[in-house]
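Chain residues, written in single-letter form:
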Amino acid sequence: SDIVDELKEALERQPATKDKEEKKALRKKKKQVRELEEYRDKLIEYDNHLDTLGGRNSYSKTDPGATFMRMKEDAMKNGQTKPGYNLQIGTENQFITDFRLFPNPTDTLTLIPFSHSFQYRYNRLPNICVADSGYGSEENYRFMQENGIEAFIKYNYFHKEQRPRYTPNPFHAESLHYNEGEDYYVCPMGQHMNRIGTKRDKTASGYITESARYKAKRCEGCPLRGSCFKARGNRIIEVNHRLNQYKRQARERLLSEEGIKHRGRRCIEPEAVFGQMKYNMAYRRFRHVGEDKVTMDFAFFA
Ligand code: SF4
């Protein structure tokens, strides 16, 4: 904008001329200024789009609050995305205790803000939280533990582990023997894998995860090399000890008598409520546009 203003001013200050060549040059300059103005307007437009997006990677033009997501009901059967909101509900004895709409399609990131919403509504956090594996992240487990919430939340491989014929892959990092006192792993060939450092990652919510890295001393010529790993050099494993600890605790809780009871109820708690809403009451779409109105829409319905 500043450059455009400056150029315009300079062009206006130019004395009038009758020379054909000079006139042509002036016209060219004016055209360039107009082009610059167009670029500026485009940049402003892109900035506005980015502002509307926030942390999302899409939004609907007819409802900027809605994000394009893959829906379970896929009428076209081609995985086409549709604009929508991620509705989270909490239920107890098939009554909705709380709900909130989220712009992000992944459930992992919704558990903590949803718990805060519950706290805002009831002035306390829930005592127990039962949720499916889509919510089992380190950040969520940690939040539950720090806030004294008994979490019955599965992690991604829980179901696989519970199969009667499940045999863990002996080469998988989780199957390797770990010496906690001296902080090293023992690979399937019996070699020590010593700690070589720590890897830090940031999740989409800004949470920092830490994974310890261990490296085998010499993999060259090992007869198990083919089944062990594919990369070049010596094998390196990354282990998130804190997450593994949370998973162990979760497994223990989920397999306890109370855990089995909660797991049995989970599928007839929120799912039955969704069944009532979507199938019996045919509430499959929000009838309003904009997050506030959609929230109001669902609040009345709930
Ligand atoms: S390839 Fe390396 S890490 Fe794997 S078993 Fe052999 S020595 Fe151990």
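Residues numbered from 1 in each chain as written. Predicted model: local features only at pLDDT ≥ 70, side-chain atom pairs only at ≥ 80, totals over all residues. Heavy atoms only, no water.

Put simply, helix 4 (residues 138-146) and helix 7 (residues 241-255) touch, their axes get as near as 10 Å, and they point 65° apart. Read as a crossing pair, helix 4 and helix 7 show a hand that is left-handed. Taken together, the residues of helix 7 that come into contact with helix 4 (itself represented by Glu-138, Tyr-141, Arg-142 and Gln-145) are Arg-242, Leu-243, Tyr-246, Gln-249 and Ala-250. Of the residues belonging to the contact of helix 4 with helix 7, the class tally is four nonpolar, two polar and three charged. (Axes fitted to C-alpha atoms, helices over the stretch in contact; angles between N-to-C directions. Helix = DSSP H or I, 4+ residues; strand = E, 2+ residues; numbered from the N terminus. Left-handed = near helix turned anticlockwise from the far one by under 90°. Contact = heavy atoms within 4.5 Å. Nonpolar A, V, L, I, M, F, W, Y, C, P; charged D, E, K, R; others polar.)

What follows covers the pairing of strand 4 (residues 95-102). Looking at chain direction, strand 3 (residues 86-92) and strand 4 are connected through seven bridges and run antiparallel. Within strand 4, the position partnered with Gln-88 by the bridge is Arg-100. Counted along the chain from strand 3 to the antiparallel partner strand 4, the turn is two residues long, and its residue Asn-93 has a positive phi close to 50°. (Pairing = 2+ DSSP bridges.)

Given two aromatic rings, their pairing is described by the distance between the two centres and the angle made by the two planes. Within this structure, the stated rule accounts for 12 aromatic pairs. Residues Phe-99 and Phe-298 carry aromatic rings whose centres are separated by 4.9 Å and whose planes lie at 65° to one another, so their mutual orientation is edge-to-face. Within this pair, whereas Phe-99 is found in strand 4, its partner Phe-298 is found in helix 10 (residues 291-301), the two being separated by 199 residues in sequence. When sorted by exposure, Phe-99 lands in the same class as Phe-298, which is buried. (Phe/Tyr/Trp six-rings, centres within 6.5 Å; stacked < 30°, edge-to-face > 60°. Buried < 20%, exposed > 50% of the residue type's maximum accessible area, 1.4 Å probe, protein only.)

What follows deals with the packing of helix 1 (residues 2-13) against helix 2 (residues 20-53). Interhelical geometry of helix 1 versus helix 2 gives an angle of 160° and a closest axis separation of 10 Å. In terms of their interaxial angle, helix 1 and helix 2 are classed as roughly antiparallel. In this structure, helix 1 meets helix 2 at a crossing whose hand is left-handed. In this structure, helix 1 uses Ile-3, Val-4, Leu-7, Lys-8 and Leu-11 to contact helix 2, whose residues at the interface are Leu-26, Lys-29, Lys-30, Val-33, Leu-36, Glu-37 and Arg-40. Taken together, the residues of the contact of helix 1 with helix 2 sort by class into seven nonpolar, no polar and five charged. (Parallel < 35°, antiparallel > 145°, perpendicular 65-115°, else oblique.)

Right, let's talk about the layout of surface pockets for a bit. Volume-wise, the second largest pocket comes out at about 930 Å³. Around the second largest pocket, the lining is made up of 32 residues, and of these His-172, Ala-173, Glu-174, Asn-244 and Lys-247 lie nearest the centre. Going through the elements one at a time, helix 5 (158-162), strand 11 (236-239) and helix 7 are the ones with two or more residues in the lining of the second largest pocket. Looking at which element gives the most residues to the lining of the second largest pocket, the answer is helix 7, with seven residues. Considering only residue class, the lining of the second largest pocket consists of 10 nonpolar, 14 polar and eight charged. Residue assignment places the lining of the second largest pocket across two domains, with domain 2 (67-163 + 248-301) and domain 3 (173-240) each supplying three or more. (1 Å grid on protein atoms, 1.4 Å probe; cavity = no way out; pocket = protein on both sides within 12 Å on 5 of 7 lines; lining within 4 Å. Points joined across faces, edges and corners; volume = space filled by probe spheres on them. Domains from an automatic or database assignment.)

Under the definition given, this model contains two cavities of 30 Å³ or more. Taken together, 14 residues make up the lining of the largest cavity; nearest its centre are Cys-187, Met-189, Cys-219, Cys-222 and Cys-228. Looking at the lining of the largest cavity residue by residue, the class counts come to 10 nonpolar, one polar and three charged. If you add up the space inside the second largest cavity, you get close to 70 Å³. Forming the boundary of the second largest cavity are Tyr-141, Met-144, Gln-145, Ile-149, Ala-151, Tyr-246, Gln-249, Ala-250 and Arg-253. Elements with a minimum of two residues in the lining of the second largest cavity: helix 4 and helix 7. Sort the elements by how many residues they give to the lining of the second largest cavity and helix 7 lands first, with four residues. Along the lines of polarity and charge, the residues of the lining of the second largest cavity split into six nonpolar, two polar and one charged.

As annotated in UniProt, the feature "domain: Transposase DDE" (unreviewed entry) corresponds to residues 186-301 in the numbering used here. Summarising residues 186-301: 44% helix, 22% strand, and an end-to-end C-alpha distance of 57 Å. (UniProt positions renumbered as here; feature names shortened; annotations may be inferred.)

Right, let's get into the site of the ligand. The ligand sits among Cys-187, Pro-188, Met-189, Gln-191, Ala-216, Arg-218, Cys-219, Cys-222, Arg-225, Cys-228, Phe-229 and Arg-235. Judged by the fraction of its atoms near the pocket grid, the ligand is located in the largest cavity. Considering only residue class, the shell around the ligand consists of eight nonpolar, one polar and three charged. (Near = heavy atom within 4 Å. Sits in = over half its atoms within 2 Å of the grid points.)

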